[in-house]
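Structure assessment
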Amino acid sequence: NFIQTNASINKFIGIVETSLNEFEDLSKDISTYDTSFLKEEIDRVEKIVGRDVLKKRYDNTISIINQKIKKYANLLDLQGNDLEISLDIKNELTLIFNSDTKNPYMLSQMGSGENYMGYHVSTILAIHEYLIEKNNSKIAPFIIFDQPSQAYFPEGDDENDEDTSKLKNLFFTLSEFNKNTKGK
């Protein structure tokens, strides 16, 4: 049984390594990739479907994702989770926070590493959950977060109860995501 398990693990590692190598090869030329055909395709679809219909679908999709980002930000108890949170993919590819009393501000203006990491996790989980809910989605069935504890325990800092509690909350949130998506 141990040999079969070890062989399965090695096979999985080989598949991941091959995929990473292929991704690296494909991403080398990404900055020179010609995207003009995408604009042409958007124009073609807009003519068929109608710009208003596409805008309504886009707005609805972003609204659903924004609600999911807020849900995960609340679970993580992040600074700014009480504000309106909007994913901006047209201009800056960032989150924008709006309140009644302040001018909107972007994720880059948020305070701590915990918040910065937390909103990235919230956004990734929200988009992943949204795509999983779609019938024909080809979303990968896993997400890898490399060293999420770094935001709570940077090099040289000692552990404390508050940071340990926040890290446990992060893993609780990831567990809730897994429940919400039924492990997909």
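Just above, that's the structure.
All figures in this text were calculated on a predicted structure; none of them were measured in a lab.

Definitions and limits used
Residues numbered from 1 in each chain as written. Predicted model: local features only at pLDDT ≥ 70, side-chain atom pairs only at ≥ 80, totals over all residues. Heavy atoms only, no water. Helix = DSSP H or I, 4+ residues; strand = E, 2+ residues; numbered from the N terminus. Expected span 1.5 Å × (residues − 1). Buried < 20%, exposed > 50% of the residue type's maximum accessible area, 1.4 Å probe, protein only. Contact = heavy atoms within 4.5 Å. Pairing = 2+ DSSP bridges. Axes fitted to C-alpha atoms, helices over the stretch in contact; angles between N-to-C directions. Salt bridge = Lys/Arg side-chain N within 4 Å of Asp/Glu carboxyl O.

Here helix H3 (residues 51-75) contains 25 residues, and its C-alpha end-to-end distance of 36 Å stays within 8% of the 36 Å for a straight helix at 1.5 Å per residue. Those residues of H3 not exposed but buried are Ile 62, Ile 65, Asn 66, Lys 68, Ile 69, Tyr 72 and Ala 73. Those residues of H3 that are buried are in contact with strand E1 (84-88), strand E2 (94-98), helix H4 (113-133) and helix H5 (161-180). Phi turns positive one or two residues past the end of H3, at Asp 77, with a value near 55°.

Here Asn 74 lies in helix H3. With relative accessibility at 39%, the residue Asn 74 sits in the partly exposed group. Placed 99 residues apart in sequence, Asn 74 and Thr 173 show a C-alpha to C-alpha distance of 9.6 Å.

What follows deals with the sheet that holds E1. Taken together, the three strands give an open sheet; going across it, the order is E1-E2-E3, and neighbouring strands pair in antiparallel fashion. What marks the edges here is a single partner per strand, and that holds for E1 and strand E3 (105-106). Judged from the two bridges that link them, E2 and E3 form a sheet pairing that is antiparallel. In the sheet register, Ile 96 faces E3, and the bridge partner there is Met 106. On the sheet, H3 packs against E1 and E2 and is oriented at approximately 125° with respect to E1.

A full pass over the atoms with the stated rule returns six salt bridges. The salt bridge involving Lys 55 is made with Asp 59; its shortest N-O contact spans 2.7 Å. On the criterion of helical spacing, the pair formed by Lys 55 and Asp 59 is a turn pair, its members being four residues apart in helix H3. On the basis of relative accessibility, which here comes to 47%, the residue Lys 55 falls in the partly exposed class. With a shortest N-O distance of 3.2 Å, Glu 114 and Lys 166 are connected by a salt bridge.

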